[in-house]
Amino acid sequence: MDLGIKGRRYLVGGGSRGLGGAVARALAQEGAAVAVTARASAELDASAAAINGIAIGADLSTADGPADAVRRAAGSLGGLDGLVVNTGGPPAGTFAELDEATWARAINGTLQSSLRLIRAALPLLRDGRDPSILVILSSSVREPIAGLMTSNVLRPGLAGLIKGLVDEIAPIRINGIAPGRFDTERVRSLDIGRAERAGTSVESVQAAMRARIPLGRYGDPDELGRVAAFLLSPAASYVDGVIIGVDGGLIRSLP
Ligand SMILES: NC(=O)c1ccc[n+]([C@@H]2O[C@H](COP(=O)([O-])OP(=O)(O)OC[C@H]3O[C@@H](n4cnc5c(N)ncnc54)[C@H](OP(=O)(O)O)[C@@H]3O)[C@@H](O)[C@H]2O)c1
């Protein structure tokens, strides 16, 4: 199937590695022009270079970072047809462990960065071709994750944003992906934290998690990248306002 994104222009948040890096690769493989943004680093430059893309160094947790990233990406790409709303995950912890400053960091990093990216991109997307937005969420939109209270609170808010925006921004499409457990730096550090807290090994934490996943393994980020490229593309032209779980069957909730 031809996704129809050859020559289309996308900005991918958190694009220096992990899930964002995989989305950028999938888009580029289909012939799209891609700008990746994360905090400036050699890793970001390498991620962009690997796909003949553009590296945009920006801190998405700051007030001006998201708009700056969008402006520079659109300037380099000559416009914008799609946006991937994604950045580093919020700090881990139970409710009892999270203080005011940590909540503020989580709200800025996860919620505000998303609002700011979308707000900055909308005027450009209105001039784009088959424009669409994809928000990377978490399985916490369907089932709370133990020890990740910031995600349990903030991700459902972003799910509400997706549904709420469908009417307001049409014909720009907006969808979400709810990842389960992918083998990325973020998940490795969460697993290490869980092991330390439980006084057990990382291997046993990972084995317990794998046992909960019907497909019996963590996902490869490229498996999410392909779903993302489809949702962003004109091939998904009648898919709007949905949140697709990409989780190897982990979440059993309906729908
Ligand atoms: N992996 C999973 O299984 C999974 C499951 C559920 C939800 N998620 C969510 O999906 C998102 C991506 O996860 P991941 O596993 O790909 O994480 P990751 O491997 O840690 O990658 C995060 C990306 O975001 C960038 N980033 C972090 N803080 C940033 C900031 N302040 N400004 C700009 N860029 C920033 C990172 O680059 P720099 O740090 O260099 O800036 C990197 O490119 C996270 O929000 C995570 O919570 C992931």
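Note: the structure precedes this text.
Given the structure is predicted, the values throughout are model-derived calculations rather than measurements. (Residues numbered from 1 in each chain as written. Predicted model: local features only at pLDDT ≥ 70, side-chain atom pairs only at ≥ 80, totals over all residues. Heavy atoms only, no water.)

Visitor: Quick question: what am I supposed to make of the pairing of strand β6 (residues 173–179) here?
Guide: Within a regular strand, side chains alternate between the sheet's two faces. Summarising burial for β6: seven of the seven residues are buried, a large majority. Burial of the side chains of β6 extends over both faces: Arg173, Asn175, Ile177 and Pro179 are buried on one face and Ile174, Gly176 and Ala178 on the other. By the bridge criterion, five bridges tie strand β5 (residues 132–136) to β6 in an arrangement that is parallel. For Ser132, the partnering residue across the bridge sits in β6 and is Arg173. You can see the chain leave β5, run along helix α5 (residues 149–169) and come back into β6, and the turn it takes is right-handed. Alignment of β6 against strand β7 (residues 243–246), held across four bridges, turns out to be parallel. (Buried < 20%, exposed > 50% of the residue type's maximum accessible area, 1.4 Å probe, protein only. Helix = DSSP H or I, 4+ residues; strand = E, 2+ residues; numbered from the N terminus. Pairing = 2+ DSSP bridges. Right-handed = clockwise from strand over helix to strand, strands pointing away.)

Visitor: Looking at this structure, I do not really get the site of the ligand. What am I missing?
Guide: Around the ligand, the structure places 28 residues, and the nearest of them are Ser16, Leu19, Arg155, Phe182 and Thr184. At 2.9 Å, a backbone N or O of Thr87 approaches an oxygen atom of the ligand. In this structure, Arg155 approaches the ligand through a side-chain N or O atom, which is 2.7 Å from an oxygen atom. The protein chains hide 92% of the 880 Å² of surface that the ligand would expose on its own. Elements supplying a minimum of two residues to the shell around the ligand: α1 (18–29) and α6 (185–198). Sort the elements by how many residues they give to the shell around the ligand and α6 lands first, with three residues. Of the residues contributing to the shell around the ligand, the split by class is nine nonpolar, twelve polar and seven charged. Shared between two domains, the shell around the ligand holds at least three residues of each, these being domain 1 (9–182 + 222–246) and domain 2 (183–218). (Near = heavy atom within 4 Å. Polar contact = N/O pair within 3.5 Å; in protein donor to acceptor, adjacent residues only side chain to side chain. Areas by Shrake-Rupley, 256 points an atom, 1.4 Å probe, with all protein chains shown as cover. Nonpolar A, V, L, I, M, F, W, Y, C, P; charged D, E, K, R; others polar. Domains from an automatic or database assignment.)

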